[in-house]
Amino acid sequence: MDWSHYRFVSIWDLPGSPDAVYEILGRADCYPRWWPQIREVTSVDGTTVTTRIRSFLPYDLVMTVRERRRDPRARVLEATLSGDLDGWARWTVTAHGTGSRATYEQEVEVHRRLMRLLAVPGRAVFRANHALMMRAGRRGLTARLERV
């Protein structure tokens, strides 16, 4: 097993319509407004941004995020990631009850040196750090949707 390889799935049940959720998730440049751990998003071109992320642990992750798929009919957003993390991430938004369900999937390999050195003893902590970040993102997006 490669201890620097991670696969995450997060499911967010949200109060907004699927189209409203998809629209917000499709605007990566606005993530810092509602997702506290996404500290910075800088546009490179129409389909590429650089991001700086920090959750509970005291380190930043910097990545280039390149749009790979944007499908408004299926409400799927997919991107490749490179930098401190290499891999891919995907949002899929569906109707759920009176609101929406946003499913986030991510498969990455960590390249940040310290995280690779601490891969075995730190794995549970790194996974918990990711979970805290995702929980804060869901809360932030829920609050944003409730204001709309």
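Draft legend 1. Geometry of the pattern of salt bridges. In the structure shown here, the tally under the stated rule is 14 salt bridges. The residue Asp60 makes a salt bridge to Arg52 at a minimum N-O spacing of 3.1 Å. Look at Asp60 and you get buried, because its relative accessible area is 18%. For Arg52, a relative accessible area of 27% corresponds to the partly exposed category. Note that Asp84 and Arg112 form a salt bridge whose closest N and O atoms lie 3.6 Å from each other. In this pair, Asp84 sits in the loop between strand E5 (76-83) and strand E6 (85-96) while Arg112 sits in the loop between strand E7 (99-110) and helix H3 (113-117), placing the two residues 28 residues apart along the sequence. Each member of the salt-bridge network shares a partner with another, and the members are Arg7, Arg68, Glu78, Arg90 and Glu105.

Draft legend 2. Quick peek at unusual backbone geometry. The phi angle at Arg75 is positive, at roughly 55°, despite the residue not being glycine. Relative to the helices and strands, Arg75 resides in the loop between strand E4 (61-71) and E5.

Draft legend 3. Main features of the sheet that holds E4. Ordered by their spatial adjacency, 7 strands build an open sheet running E1-E7-E6-E5-E4-E3-E2, and the pairing between neighbours is antiparallel. The open sheet has two edge strands with one neighbour each: strand E1 (5-14) and strand E2 (38-45). Neighbour-to-neighbour, the strand axes of this sheet turn through a mean angle of 20°, independent of strand direction. In the sheet, E4 pairs with E5 via 8 bridges, with the strands oriented antiparallel. If you follow Met63 over to E5, its bridge partner there is Gly83. Helix H1 (residues 18-25) contacts E1, E4, E5, E6 and E7 of the sheet and is inclined by roughly 160° relative to E6.

Draft legend 4. Region of interest: the packing of aromatic side chains. As enumerated under the stated definition, the model contains 9 aromatic pairs in all. Members of the aromatic cluster, connected to one another through ring pairs, are Trp12, Tyr31, Trp34, Trp35, Trp91 and Tyr104. For the cation-ring pair, Arg123 lies above Tyr6, with the distance from its terminal atom to the ring centre recorded as 4.2 Å.

What counts and what doesn't
- Residues numbered from 1 in each chain as written.
- Predicted model: local features only at pLDDT ≥ 70, side-chain atom pairs only at ≥ 80, totals over all residues.
- Heavy atoms only, no water.
- Salt bridge = Lys/Arg side-chain N within 4 Å of Asp/Glu carboxyl O.
- Buried < 20%, exposed > 50% of the residue type's maximum accessible area, 1.4 Å probe, protein only.
- Helix = DSSP H or I, 4+ residues; strand = E, 2+ residues; numbered from the N terminus.
- Pairing = 2+ DSSP bridges.
- Axes fitted to C-alpha atoms, helices over the stretch in contact; angles between N-to-C directions.
- Contact = heavy atoms within 4.5 Å.
- Phe/Tyr/Trp six-rings, centres within 6.5 Å; stacked < 30°, edge-to-face > 60°.
- Lys NZ or Arg CZ within 6 Å of the ring centre and 35° of its normal.

Honestly, it's all geometry; don't read function into it.
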